[in-house]
Amino acid sequence: METVHSTTLPTTTSGWNAFPQQTLQPVDIIVLVLYFVFVLAVGLWSMWKTKRSTVKGYFLAGGKMVWWPVGASLFASNVGSGHFIGLAGSGAAAGIAATAYEWNGMFCVLVLAWLFLPIYMAAGVTTMPEYLKRRFGGKRIQIFLAVLYLFIYIFTKISVDMYAGALFIQQALHWDLYVAVIGLLVITAVYTVAGGLAAVIYTDTLQTVIMLAGALTLMGYSFAKVGGLEDLQDRYFKAIAKSHPGNSSCGLPREDAFHIFRDPVTSDLPWPGVLVGMTIPSLWYWCTDQVIVQRSLAAKSLSHAKGGSLLASYLKVLPLFMMVLPGMISRILFPDLVACADPEACKTICGNPSGCSDIAYPKLVIELLPIGLRGLMMSVMIAALMSSLTSIFNSASTIFTMDLWRHFRPLSSEWELMIVGRVFVLILVVVSILWIPLVQASQGGQLFIYIQTISSYLQPPVAVVFILGCFWRRTNEKGAFSGLLVGMAMGLIRMVLDFVYLLPRCDEPDNRPAVVKYVHYLYFSIILSLVTLVVVVTASLLTEPPPEQMVSRLTWFTRKDVPAAKDPEGSGSPFPNSGTHQLPPPLATQLTMIDGPEAAGKDKTSALDGKKASKLMRLFLWICGMDHEQKDTPGAPEATKTEVAVPPPKEAPWVKHVLNVNLILCIGAGVFLWGYFA
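Residues numbered from 1 in each chain as written. Predicted model: local features only at pLDDT ≥ 70, side-chain atom pairs only at ≥ 80, totals over all residues. Heavy atoms only, no water.

## Considerations on unusual backbone geometry
Positive phi, close to 65 degrees, is recorded for Arg-553, a residue that is not glycine. Among the structural elements, Arg-553 can be located in the loop between helix H25 (521-542) and helix H26 (567-571). Exposure remark for Arg-553: the relative accessible area of 8% places this residue in the buried category. (Helix = DSSP H or I, 4+ residues; strand = E, 2+ residues; numbered from the N terminus. Buried < 20%, exposed > 50% of the residue type's maximum accessible area, 1.4 Å probe, protein only.)

Put into structure tokens, the structure is as follows:
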């Protein structure tokens, strides 16, 4: 690792003369230390407060979360450090169009709470691949999706957040990248491994407060510097670098910079693609992605889950004002740096010949904020990075443990699942550290382009399968798997073409094949979704319909079915071909165990809790949430079977009215914003 560090770091830092050699003042350091103390304090408090010794307690926070931590965690999981760097950079380079991604999410998170969550809660699932396993049967869809989700998490989400966080930490404040990132990962791993989802959600809530406070403060300073929104609209079009050659359109502000809806043929984000093509990956992210759904499933009731989604939806209004517009202001204040047009000049300034818009946000922090507040913004960026990473760690660990590990070891005890879940988080931490050389090597903003393309090419087929599975009873396993295979094959072919034929720079001719050159990735998302839809529907109609137990309580129209006496048998064990008749217990039963591992785990726990166990070992087990006195008898699973058969409590009428009124207000606000900035 050391050799990589010594060879790559100087080249990155020396090219970054856009930043003065700033060092943190004592006040900034105090702010940062206080931030870390608060985060660890909240993490430890949540560890002490919650029950972490069961599958449900660790992976779903015991299903006890109220609405405001759920909403804050949804927002913090979504808004990573990549948002601050990427959205501000997009604002500086191309105007407000990137806000469409955020405002699309406003509606999709509400679709999750009102349409998808009632189905997931009725089904009693912990992971999304597990839902498809129960809805369609067989193992291949569950394993296929579990591997795909882990691929998307590790190779896109972790990398983009590490890139953005490293960009800020290393370049803006000249910290050693390895020390900074490894330190952050160690702190995040401590409470993620020990506290499970409850610790992640509570610390996310703190991170959200810090992010909002810091980002809104910087927004205030930015607007004060530029003179308000009207001056911003006037001066943005004049923000051109002095090095700009007069005969080129490269590096000039777009004429449609203050519009979200843009030309359907020639623009960077065509409006039909924004309305339809962007919505499909957005539905995948907000309604079927493990990171997001897991937070909502942790809510104590559907009402609290809806309240959390409403809070997240209201907060999604803010990125335009907190990130995109400050990025545009950065271009106005530092046009020669942020808006550089000459490839050689850009390479000198930030090491990226394609442009330096990515430095827009760090530049504002360093130049505008006084001592003390700079430390606060540093905390904001670290908060954004940590909240995203912990969310990915916890959700990836859940998928690996519940979908893959139990496939290979169907008789694994709850104690074993707890250990595997925690060890997998540690493996992800190591993977994140190994990403650092790659992060240093990719100095361009190309990484962000890759992330968007991967999303548009891999996610639509999964979204279509989930939508049809939830809302069309006739969808069966053969149809769903056929659609996934065809859709993934098309998406991967287009993705490979995108990697082979890279987008040329503004001053270079475009010699890419027509399918890449003329079919925008948002339009390709629409085509991919339609093809998957046709394949799933056709294959489902040509084959036998799904049996009743794969429809009951697993679709929108059957979610209120009363579980039959044979329901546990119908839902089946997670691995029906394991060759056993009694173990493991039915899926719904196993995932709603209130206390205590199964018999195999209980013996180990008892032994470790005995007099022979050293105090050090008992402390270690408590930190890991596995030193829990067993109060249940072996008959506990039977007790929970009757619990599973009870439908979830109905929402109180006045709560339902309050939530629905807020739903209308939220949708109205979203439609107004889309219309105003169209």
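## Here we look at helix H18 (residues 360-368)
Most of H18 sits out of view: eight of its nine residues are buried. Buried within H18 we find Ala-360, Tyr-361, Pro-362, Lys-363, Leu-364, Val-365, Ile-366 and Leu-368.

## A closer look at the state of the cysteines
A full pass over the atoms with the stated rule returns one disulfide. Paired through a disulfide, Cys-340 and Cys-346 show a sulfur-sulfur distance of 2.1 Å. The sign of the S-S torsion, about 125 degrees, decides the handedness of the disulfide formed by Cys-340 and Cys-346: right-handed. The exposure class assigned to Cys-340 is buried, which follows from its relative accessible area of 7%. Exposure remark for Cys-346: the relative accessible area of 1% places this residue in the buried category. Among the cysteines around Cys-287, which has no disulfide bond, Cys-108 carries the closest sulfur, lying 5.9 Å off. A disulfide-free cysteine, Cys-470 has its sulfur positioned 9.1 Å from the sulfur of Cys-287, the nearest such atom. (Disulfide = S-S within 2.5 Å.)

## Focus: the packing of aromatic side chains
What characterises a pair of aromatic rings is the spacing of the ring centres plus the angle enclosed by the ring planes. Summed over all chains, the structure comprises 22 aromatic pairs. Ring geometry for Trp-103 against Phe-677: centres 5.7 Å apart, planes inclined by 55 degrees, an arrangement best described as tilted. With Trp-103 in helix H6 (residues 99-123) and Phe-677 in the segment after helix H31 (653-676), this residue pair connects regions lying 574 residues apart in the sequence. Exposure class is identical for Trp-103 and Phe-677. Each is buried. (Phe/Tyr/Trp six-rings, centres within 6.5 Å; stacked < 30°, edge-to-face > 60°.)

The values are spatial; any link to function lies outside them.
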